[in-house]
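Understanding the architecture of this molecule
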Protein chains: 2
Amino acid sequence: MNELFSNRISQVSPSFIREILKVASDPAIISFAGGLPSHDLFPVAALKKATIDLFNDNKEDILQYTNTEGYLPLREIIAATYKKKGLDINADEILITNGSQQGLDLLGKVFINENDSVLIEEPGYLGAIQAFEIYAAHFIPIPVGQDGMDIDVLKIQLKTAHAKLIYTVPNFQNPSGISYSNENRKAIAETLSSVNTLIIEDNPYGDIRFSGEEKKSFMHYLPKQTILLGSFSKTVVPSFRLGWIVAPKAVMQKLVIAKQAADLHTNHFCQCILHRFLQDNDLQTHINKIISVYSHNKARMEKAFVKYFPKEVTHLKTQGGMFLWASLPKGMSTKGLSDEAIKEKVAIVPGEPFYINKHEINTFRLNFSNSHPDVIEEGMRRLGKVLYKYIENNE
Amino acid sequence: MNELFSNRISQVSPSFIREILKVASDPAIISFAGGLPSHDLFPVAALKKATIDLFNDNKEDILQYTNTEGYLPLREIIAATYKKKGLDINADEILITNGSQQGLDLLGKVFINENDSVLIEEPGYLGAIQAFEIYAAHFIPIPVGQDGMDIDVLKIQLKTAHAKLIYTVPNFQNPSGISYSNENRKAIAETLSSVNTLIIEDNPYGDIRFSGEEKKSFMHYLPKQTILLGSFSKTVVPSFRLGWIVAPKAVMQKLVIAKQAADLHTNHFCQCILHRFLQDNDLQTHINKIISVYSHNKARMEKAFVKYFPKEVTHLKTQGGMFLWASLPKGMSTKGLSDEAIKEKVAIVPGEPFYINKHEINTFRLNFSNSHPDVIEEGMRRLGKVLYKYIENNE
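Residues numbered from 1 in each chain as written. Chains lettered and ligands numbered in written order. Predicted model: local features only at pLDDT ≥ 70, side-chain atom pairs only at ≥ 80, totals over all residues. Heavy atoms only, no water.

Examining the overall build of chain A
A tally of helices and strands in chain A yields 14 helices and 14 strands. Relative to the globule expectation of 21 Å for 395 residues, the C-alpha radius of gyration of chain A, 21 Å, shows essentially globular dimensions. With the C-alpha coordinates of chain A rotated into their principal frame, the extents come out at 65 × 55 × 50 Å. Evaluated residue by residue, chain A yields a buried proportion of 63% over its 395 residues. Long-range contacts, defined as pairs at least 24 residues apart, comprise 76% of the intrachain contacts of chain A with a sequence gap of at least 6. Surface summary for chain A: the accessible area is close to 15200 Å², and the carbon and sulfur share equals 50%. Within chain A, the 44 negative side-chain charges are centred at a point lying 2 Å from the centre of the 43 positive side-chain charges. (Helix = DSSP H or I, 4+ residues; strand = E, 2+ residues; numbered from the N terminus. Rg over C-alpha atoms; globule rule 2.2 N^0.38 Å. Buried < 20%, exposed > 50% of the residue type's maximum accessible area, 1.4 Å probe, protein only. Contact = heavy atoms within 4.5 Å. Areas by Shrake-Rupley, 256 points an atom, 1.4 Å probe, with all protein chains shown as cover. Lys, Arg positive; Asp, Glu negative; His and termini not counted. Charge placed at Lys NZ, Arg CZ, Asp CG, Glu CD.)

The structure is reproduced here in structure tokens:
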């Protein structure tokens, strides 16, 4: 059988995180490993009402095949939300996708030939690495830190590599939680303005801001070179698999061809439910609830971090999203940390899978969106115990 | 911008059918062009009840992220249906996809390198051509006729080409409506048993049989070489985008990696609704309703065919599904027929897009599932008028 598989699929390794998540699904384990939004915050009653109203109204053909681009009234709501933020985006520049993960797959399909260079944040979102790896992208990692991308490395890499794409999550990045400052964005935009490279701004967490000021989209600086990815998975529900791509018209034409070949169109029934929900409810009010819970969770996790962890363990600051990014002392690897933590019934994700071709990474990711504050406290206590022992044994 | 696009997307031409369907959406036009199931037969009340029950029960986490393989109880129902038909298929050999179109995309991803040979029925399903074209497959067409594939051509092609895949729709094929006889299936299986080629059996219409006996799946003859694609789009509703792949374990592992990179998982909410619907309703009773309506539509179309069309126009026989496949006299092309028909407010699909590298094709496809019998009568009357004139002008 093996000789039949394509080169692209043969070179992709099974997801390490997938394996961790399988272990972490044991209910005795406190999991900081996943990236799940809180179940308790799903707007169940409002979605139920929207669904029943939709069935009763019987206005739309909610069960039939539909167009590839997606439900127009839903795309109009997305466009209007951008307009409120000062971005002049129209519904016909928006394609509805199965979560933003499909956006990544379609962009890979439309742009990446074997060994084409793609610049990517390091650490970077694993789902993007997986999606582009299937199209045999040549990844060039650009380090990100507390305030954004390393501009010097970016400039050097752009001089030698003809990168088609640069992938970014500039708000509350997965995995590091950091956001690019406006200065950093401006410097990136200036650097990119002279090259033929498209920037992907993946923004699943941008609306979940606990503090600080909203930053400017790359679309402000580079309207012709920016592709936006959006998602309702973190602000409404993930199971509907509803996200979108905003792209220039020439790109959109190709994306629609790729989308049609991929699955004809996204689930139309749920597009209609979501549209109804957004029409009848104020999304911002709902997002404010999410912000209130997650920011409280994060505060509890930070407090427990100080209380239970060895002082050599540090974390980057975040003003939103779902993750804290922790570091052991330099030179120490978190490779064995996950196994040790599982023994104490707490799960984390070690940093390594988020890096391109790097090993012996000293970072790990902690999710704070999907546990109650008291559970966070207990999980951090357990993890603290593990860390003291781990550092002692690895020094 | 153009220099940034991948080779794979640059070589795909926009769908001709897509353009026809846009024109055919004019309500003044009677459309035999699409491949839509009848809106009137959607089990709206039962799906509404299943949805409300699901919300009320609050047993499953219907709004959260879930596993890539798909909702296990739904896969168990699919497996049980195969077992009733004598096929020993387990839930863990089934992957839920966004319609069977995504099954085609994932198979392309997992198997096809640039210029890999893929055998395909001629005429063949356009969605399969599009899906595999994106992975730059080298298509080798194998003619199909009233009773199935041309075995002689198949044998000759298999001798010279190392084809990884052979794509078939053996029941009520799209576009031709024909089914492979059991003898033809056996002969194909014998031919394939000595080569390292996987056969894809795409079966969206198999349950919609009006007459004749159910034929044997290739899985009976070639259990280790057969990949099945299934879909609820024609038997329940298309807008949920729910289909599945059955594949050997080694293939399934690769498909799951590809599915995860493509969109993490299929809409979980609708998987739960569909499962509930299938649990609380007898699908066969519902399918019998579909069969009753479509077979009546088909009979009406066949009668009108004789009544209104020039006698030189013929069609293949079908015992189910949604299409009649018509032919003009040999040597005549249907290329201009679609435009002439649109002028008379009736839409068809000319045969050409269903062929690989062939032009001046004399066939066209008529859909009978999505029009009321009286509308079919009127559409066929209009089309008859067009055909008399068209044949006269093209003789």
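Re empty space enclosed by the protein
The method is simple in principle: a probe with the dimensions of a water molecule rolls over the atoms, and the space it marks as empty is what remains. This structure, assessed with the given rule, holds five cavities of 30 Å³ or more. Quantified by volume, the largest cavity comes out at close to 70 Å³. Around the largest cavity, the lining comprises 13 residues; the ones closest to its centre are Asn98(A), Asn267(A), Asn98(B), Thr266(B) and Asn267(B). A per-class count over the lining of the largest cavity returns two nonpolar, eight polar and three charged. (1 Å grid on protein atoms, 1.4 Å probe; cavity = no way out; pocket = protein on both sides within 12 Å on 5 of 7 lines; lining within 4 Å. Points joined across faces, edges and corners; volume = space filled by probe spheres on them. Nonpolar A, V, L, I, M, F, W, Y, C, P; charged D, E, K, R; others polar.)

A few points about the interface of chain B and chain A
Contact residues are listed per partner, giving 77 residues for chain B and 77 residues for chain A. Together chain B and chain A conceal approximately 6700 Å² of surface at their shared face, both sides included; 60% is due to carbon and sulfur atoms. For the chain B face of the interface with chain A, the top three residues by lost area are Leu4(B), Leu63(B) and Tyr65(B), together amounting to 11%. Applying the counting criterion to the chain B and chain A interface returns two salt bridges. The interface formed by chain B and chain A includes 46 residue pairs in polar contact (both at pLDDT 80 or more). Counting only elements with at least two residues in the side of chain B that touches chain A, the list comes to helix H1 (7-10), helix H3 (44-57), helix H5 (99-111), helix H6 (126-133), helix H10 (249-263) and helix H11 (268-280) of chain B. Ranked by residues supplied to the side of chain B that touches chain A, first place goes to H10(B) with 10 residues. The residue makeup of the side of chain B that touches chain A, split by class, is 38 nonpolar, 25 polar and 14 charged. (Buried area = accessible area lost by both parts, 1.4 Å probe. Salt bridge = Lys/Arg side-chain N within 4 Å of Asp/Glu carboxyl O. Polar contact = N/O pair within 3.5 Å; in protein donor to acceptor, adjacent residues only side chain to side chain.)

Let's talk about the packing of aromatic side chains
Applying the stated rule across the entire model yields 22 aromatic pairs over all chains. Taking the centre distance of 4.5 Å and the plane angle of 50° together, the rings of Phe305(A) and Phe309(A) count as tilted. Exposure remark for Phe309(A): the relative accessible area of 3% places this residue in the buried category. These aromatic residues form a ring-pair network of at least three members: Phe55(A), Phe269(A) and Phe240(B). Sitting above the plane of the Phe5(B) ring, Lys254(A) keeps its charged end 5.5 Å from the centroid. (Phe/Tyr/Trp six-rings, centres within 6.5 Å; stacked < 30°, edge-to-face > 60°. Lys NZ or Arg CZ within 6 Å of the ring centre and 35° of its normal.)

So, the sheet that holds strand E3 (residues 117-122) of chain B
All names here are of chain B. Reading across from one edge, E2-E9-E8-E7-E6-E3-E4-E5 is the order of the eight strands in this open sheet, with mixed pairing throughout. Strands at the two margins of the open sheet, each flanked by one partner only, are strand E2 (94-97) and strand E5 (148-149). Pairing geometry for E2 and strand E9 (residues 243-246), over four bridges, is antiparallel. Bridged to Thr97 within E9 is Gly243. Packed onto the sheet, H6 meets E3, strand E4 (138-145), strand E6 (165-168) and strand E7 (198-202) and runs at close to 165° relative to E4. (Pairing = 2+ DSSP bridges. Axes fitted to C-alpha atoms, helices over the stretch in contact; angles between N-to-C directions.)

Section: the sheet that holds strand E3 (residues 117-122) of chain A
Residue and element names in this part refer to chain A. Read from one edge of the open sheet, eight strands run E2-E9-E8-E7-E6-E3-E4-E5, paired in mixed fashion. Pairing within the sheet leaves two strands with one partner each, and these edge strands are strand E2 (94-97) and strand E5 (148-149). Where strand E8 (residues 226-231) and strand E9 (residues 243-246) come together, four bridges link them in antiparallel fashion. Bridging from a neighbouring strand, Ser231 pairs with Gly243 of E9. In this fold helix H5 (residues 99-111) packs onto E2, strand E6 (165-168), strand E7 (198-202), E8 and E9, with an angle of close to 150° to the strand it touches most, E8. Helix H6 (residues 126-133) contacts E3, strand E4 (138-145), E6 and E7 of the sheet and is inclined by roughly 165° relative to E4.

With respect to the relation of the copies chain B and chain A
Mapping chain B onto chain A leaves a residual RMSD of 0.0 Å; the transformation is a rotation of 180° accompanied by 0.0 Å of translation along its axis. With respect to symmetry, the two chain copies, as superposed, fit the operation of a two-fold axis. Mapped onto chain A, 100% of the interface residues of chain B are again interface residues, and the two copies thus contact each other with one and the same surface. (Least-squares fit on C-alpha atoms with pLDDT ≥ 70 in both.)

Considerations on the domain arrangement of chain A
All names here are of chain A. Split into domains, chain A comes out as domain 1 (2-42 + 285-394) and domain 2 (58-280). Between domain 1 and domain 2, the C-alpha centre-to-centre distance is 24 Å. Across the domain 1 to domain 2 interface the summed buried area is about 3000 Å²; carbon plus sulfur atoms make up 66%. Per-residue buried area on domain 1 facing domain 2 is highest for Gln319, Phe354 and Ile356; these three make up 23% of the total on that side. Two residues, Lys358 and Glu122, come together in a salt bridge whose shortest N-O distance is 3.5 Å. In this structure, the connection of domain 1 to domain 2 is made through 11 residue pairs in polar contact (both at pLDDT 80 or more). (Domains from an automatic or database assignment.)

Quick notes on unusual backbone geometry
Here the residue pair Glu122(A) and Pro123(A) is connected by a cis peptide bond, since its omega of -5° sits within 30 degrees of zero. As for its placement among the helices and strands, Pro123(A) is situated in the loop between E3 and H6. The backbone of Lys345(B) shows a phi angle near 65°, a positive value even though the residue is not glycine. Here Lys345(B) is to be found in the loop between helix H13 (337-343) and strand E12 (346-347). A positive phi is found at Asn357(B), a non-glycine position, where the angle reads about 55°. Looking at where Asn357(B) falls in the secondary structure, it is placed in the loop between strand E13 (349-350) and strand E14 (363-367). Classification of Asn357(B) as exposed rests on a relative accessible area of 70%.

Some points on the pattern of salt bridges
All names here are of chain B. Enumeration according to the criterion identifies 40 salt bridges over all chains in this entry. Two residues, Glu214 and Lys85, come together in a salt bridge whose shortest N-O distance is 3.9 Å. Of this pair, Glu214 sits in the loop between E7 and helix H9 (218-221) while Lys85 sits in the loop between helix H4 (72-84) and E2; the two residues are 129 residues apart in sequence, bridging distant segments of the chain. When its relative accessible area of 52% is taken as the criterion, Glu214 is described as exposed. With a relative accessible area of 35%, Lys85 lands in the partly exposed category. Among the salt bridges present, the one from Arg276 reaches Asp280, with a minimum N-O distance of 3.3 Å. Residue Arg276 and its partner Asp280 are both found in helix H11; the two are separated by four residues, about one turn of the helix.

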